[in-house]
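Here is what each chain is made of, one letter per residue.
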Protein chains: 2
Amino acid sequence: MRPLFHPALEDIRPEAILYALSDPERAAIFAWLSGAGCGRTCSALGQLGERVIPKSSLSNHFKVLRESGLILSERQGIEMRNQTRCAELDERFPGLIKAILTAYGELPGQPKAD
Amino acid sequence: MRPLFHPALEDIRPEAILYALSDPERAAIFAWLSGAGCGRTCSALGQLGERVIPKSSLSNHFKVLRESGLILSERQGIEMRNQTRCAELDERFPGLIKAILTAYGELPGQPKAD
DNA sequence: ATCAACAGTTCCGAATTTCTGAACTACGGA
DNA sequence: TCCGTAGTTCAGAAATTCGGAACTGTTGAT
């Protein structure tokens, strides 16, 4: 298991953010994380809709979120704690994250916050 | 040439917007269009960076932008006039488009407005 | 120390998507 | 009618995504 890569704030690219959040499943994961005060684990996620997400896909979703700069992942014993980088991100791209989450939120039948 | 499809405002999906604008080339085209008062043609675009975009790719970019709901295309004689749907979009997804354009704008060496 | 269970990652082949040159359609002018 | 221009469609190659199976690393039990 190679060490996890997190881009520095100044290396975060808008296209990576948009790409990462253009997948509704990933956006739902991100929304769910951003509703949590502190870190959440990958497996605590369970199901996000009707579909059960295979764990290799889940792992990949987290990787995309992490490498785009949206989240911070930290191994803690057996599990991985994930949290958003919202505060930093808002500094670099003002209003972006909020507008995106709001856009998804507008729609009926979207992910529950918890 | 089949008729052009444009989604109704209420059918526009956030994931489609994010996806469309997650390609820097498309985002640059959109930014360029949004800097224009009235419609602009596809070929008026010329080059957008160092790379010359093949016309089939360009055509596809415009199609993605159109079908995601970002732009309105209208055939006018021999050419196609394109304009953004910014006003409508801002009503549906407040602040989203502006935040995205700003995010791209933050970066050095991005598309010139004209 | 050895073993088993668990959380998550990596690998790799299949399926899907993207890209773009070439052929094509549509319109306008000479 | 024939030509040039604007843009679209087609089709095959290249790249990306998806997900099952095998693997890594950690903890706790025996």
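Residues numbered from 1 in each chain as written. Chains lettered and ligands numbered in written order. Predicted model: local features only at pLDDT ≥ 70, side-chain atom pairs only at ≥ 80, totals over all residues. Heavy atoms only, no water.

Named according to an unreviewed UniProt entry, chain A is Helix-turn-helix domain-containing protein originating from Rhizobium redzepovicii.

> Any chance you could explain the relation of the copies chain A and chain B here in plain terms?
Look at the two chain copies: a rotation about an axis and a shift along it is all it takes to match them. Note on the copies: chain A fits chain B at an RMSD of 0.0 Å, the axial shift is 0.0 Å, and the rotation between them is 180°. Seen this way, the second copy is the image of the first under a two-fold rotation axis. It is Leu18(A) whose C-alpha, among those of chain A, lies nearest the rotation axis, at 2.6 Å. (Least-squares fit on C-alpha atoms with pLDDT ≥ 70 in both.)

> I would appreciate a short explanation of the nonpolar core in the present structure.
When a protein is soluble and globular, its nonpolar side chains tend to lie buried together. If you look at the biggest cluster of nonpolar residues, it comprises 55 residues, and the most contacted ones within it are Ile17(A), Leu21(A), Leu70(A), Ile17(B), Leu21(B) and Leu70(B). Looking at this core, the elements that each hand over two or more residues are α1 (14-21), α2 (24-34), α3 (55-68) and α5 (96-106) of chain A together with α1 (14-21), α2 (24-34), α3 (55-68) and α5 (96-106) of chain B. With residues up to four places along the chain from it excluded, the contact list for Leu70(B) reads Ile17(B), Ala20(B), Leu21(B), Phe30(B), Leu65(B), Gln83(B), Thr84(B), Arg85(B), Leu89(B) and Ile97(B). (Core = buried A, V, L, I, M, F, W, Y, C linked by side-chain atoms within 4.5 Å. Buried < 20%, exposed > 50% of the residue type's maximum accessible area, 1.4 Å probe, protein only. Helix = DSSP H or I, 4+ residues; strand = E, 2+ residues; numbered from the N terminus. Contact = heavy atoms within 4.5 Å.)

> What is the right way to look at the sheet that holds strand β1 (residues 40-41) of chain A in this model?
Hydrogen bonds between backbone groups are what pair the strands of a sheet, and the pairing can be parallel or antiparallel. Residues and elements named next belong to chain A. Taken together, the 3 strands give an open sheet; going across it, the order is β1-β3-β2, and neighbouring strands pair in antiparallel fashion. Looking at the sheet topology across the chains shown, the edges are occupied by β1 and β2 (71-76). Across 2 bridges, the pairing between β1 and strand β3 (residues 79-84) is antiparallel. Residue pairing for β3: arginine 40 is matched across the bridge by asparagine 82. Against the sheet, α2 touches β1, β2 and β3, its axis set at about 85° to β3. (Pairing = 2+ DSSP bridges. Axes fitted to C-alpha atoms, helices over the stretch in contact; angles between N-to-C directions.)

> What is the right way to look at the protein's contact with DNA strand D in this model?
In the vicinity of DNA strand D, 19 residues are found, and the nearest of them are Tyr19(A), Arg2(B), Ser43(B), Lys55(B) and Ser59(B). Sugar and phosphate atoms constitute 60% of the interface atoms of DNA strand D, taking the interface as everything within 4 Å of the protein. In this structure, a phosphate oxygen belonging to DNA strand D sits 2.5 Å away from a side-chain N or O atom of Ser59(B). Secondary-structure elements contributing two or more residues to the surface near DNA strand D are α3 of chain A together with α3 and β3 (79-84) of chain B. With 3 residues, the single largest contributor to the surface near DNA strand D is α3(B). (Near = heavy atom within 4 Å. Polar contact = N/O pair within 3.5 Å; in protein donor to acceptor, adjacent residues only side chain to side chain.)

> Got a minute to help me understand the interface of chain A and chain B in this structure?
A common way to state how big an interface is: give the accessible area lost once the parts meet. Across the boundary between the two partners, chain A contributes 19 residues, which contact 19 residues of chain B. At the boundary of chain A with chain B, the tally comes to 0 salt bridges. Taken together, chain A and chain B are joined by 0 residue pairs in polar contact (both at pLDDT 80 or more). Elements represented by at least two residues in the side of chain A that touches chain B include exactly α1 and α5 of chain A. Sort the elements by how many residues they give to the side of chain A that touches chain B and α5(A) lands first, with 6 residues. (Salt bridge = Lys/Arg side-chain N within 4 Å of Asp/Glu carboxyl O.)

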